[in-house]
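Spelled out from the first residue to the last, the chains are:
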Amino acid sequence: MELSGTRVLVAGATGVLGGAITAEVAGRGARVALAGRDPSRLARAALAYPGAPTAHFDACEPASCARAVRDTSAAFPGLDAVVVAFGAVAFGAAQEVGDEVAEHLLAVNHLAPAAFFRAALDVLRPGSMVAAVTGVVAERPQPRMADYSASKAALRVWLEAVRRETRSAGVGVLEVRPGHLDTGFAQRTVAGTAPPLPRGGDPRQVAAAVADALAADGELVRTGPDGTPAVEGRAR
């Protein structure tokens, strides 16, 4: 995918990582659309991209996620990529995390991205891509993060299956599986308290890797042993 001139919707564009991805692809010539949860933050973020379509959504309302895709696609018109870069986290032993919290994590981290992509697959053409941030916990679940890990793993498995479904149609699926990033994410927990964490990686590096992967039709971005994000042609 040649990014210059493409139409890219970033869901979660008001967040640290989503904002970095938006800036990176826009800097490479893409035309961006922004979707976010908070209308005022969304309006402020859009000031950097005059004329960019915007859409408000609630991750707990799948219909609003689908509507964000339809509305931004109609505004361009069309889309070439949909990137999901939002989520929720909770900490605590499995018996301490209540059912409502577990349901919330599943809704935000799996069902909402899936709703974005279901709608996207109705409008994307061959050569287009969808991309979502899962995280290292999707392959290496951590103690006191069981429900968070499970929600991200559910999205990872879903993406793997959808990749097989859409390959013949020419629509790529990119999974972004970084390690801990310096986004303040762990301080915005919906339940529990984050344990001591190592220094997080630079979200701008991940954003650059995402743009590289979109341009190269990559299937996976993961953090290498040296902490640098790397693009892989085949997810594993």
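The text that follows walks through the structure, step by step, so that each part is easy to find. Only a predicted model underlies this, so the values are computations on that prediction, with no experimental measurement involved.

1. Describing the environment of alanine 112
Residue position: alanine 112 is located in helix α4 (residues 99–121). A residue is classified by how much of its surface remains accessible, and alanine 112, at 0% relative accessible area, is buried. Filtering out sequence-adjacent residues up to four positions away, alanine 112 remains in contact with Ala59, Cys65, Phe86 and Ala107.

2. Comments concerning the packing of aromatic side chains
Enumeration according to the criterion identifies four aromatic pairs in this entry. On the basis of an interplanar angle of 45 degrees and a centroid distance of 5.1 Å, the ring pair of phenylalanine 57 and phenylalanine 86 is categorised as tilted. With phenylalanine 57 in the loop between β3 (54–56) and α3 (62–75) and phenylalanine 86 in the loop between β4 (81–84) and α4, this residue pair connects regions lying 29 residues apart in the sequence. Phenylalanine 86 matches phenylalanine 57 in its accessibility class, with the two residues each being buried.

3. A word on the pairing of strand β5 (residues 129–133)
Burial of β5 is extensive: five of the five residues sit out of reach of the surface. Taking every second residue as pointing to the same face, both faces of β5 are buried, with Met129, Ala131 and Val133 on one and Val130 and Ala132 on the other. Handedness of the crossover is the feature at issue here: the chain leaves β4, passes through α4, returns alongside β5, and the resulting connection is right-handed. Each parallel crossover has a hand, and for β5 linked through helix α5 (residues 146–166) to strand β6 (residues 172–177) it is right-handed.

4. So, helix α1 (residues 16–27)
Its twelve residues give α1 an end-to-end C-alpha distance of 16 Å, which sits within 8% of 16 Å, the value for a rise of 1.5 Å per residue. Leu17, Gly18, Ala20, Ile21, Thr22 and Val25 are the residues of α1 that are buried. Taken together, the buried residues of α1 touch β1 (7–11), β2 (31–36), β4, β5 and α6 (203–216). Glycine 29, located one to two residues past α1, shows a positive phi value of around 100 degrees.

5. Description of empty space enclosed by the protein
Counted according to the given criterion, the structure contains one cavity of 30 Å³ or more. If you add up the space inside the largest cavity, you get close to 30 Å³. Around the largest cavity sit Ala90, Phe91, Gly92, Val97, Leu105, Arg144, Met145, Ala146, Asp147 and Tyr148, which together line it. The element contributing the most residues to the lining of the largest cavity is α5, with three residues. Considering only residue class, the lining of the largest cavity consists of seven nonpolar, one polar and two charged.

Parameters and conventions
Residues numbered from 1 in each chain as written. Predicted model: local features only at pLDDT ≥ 70, side-chain atom pairs only at ≥ 80, totals over all residues. Heavy atoms only, no water. Helix = DSSP H or I, 4+ residues; strand = E, 2+ residues; numbered from the N terminus. Buried < 20%, exposed > 50% of the residue type's maximum accessible area, 1.4 Å probe, protein only. Contact = heavy atoms within 4.5 Å. Phe/Tyr/Trp six-rings, centres within 6.5 Å; stacked < 30°, edge-to-face > 60°. Right-handed = clockwise from strand over helix to strand, strands pointing away. Expected span 1.5 Å × (residues − 1). 1 Å grid on protein atoms, 1.4 Å probe; cavity = no way out; pocket = protein on both sides within 12 Å on 5 of 7 lines; lining within 4 Å. Points joined across faces, edges and corners; volume = space filled by probe spheres on them. Nonpolar A, V, L, I, M, F, W, Y, C, P; charged D, E, K, R; others polar.

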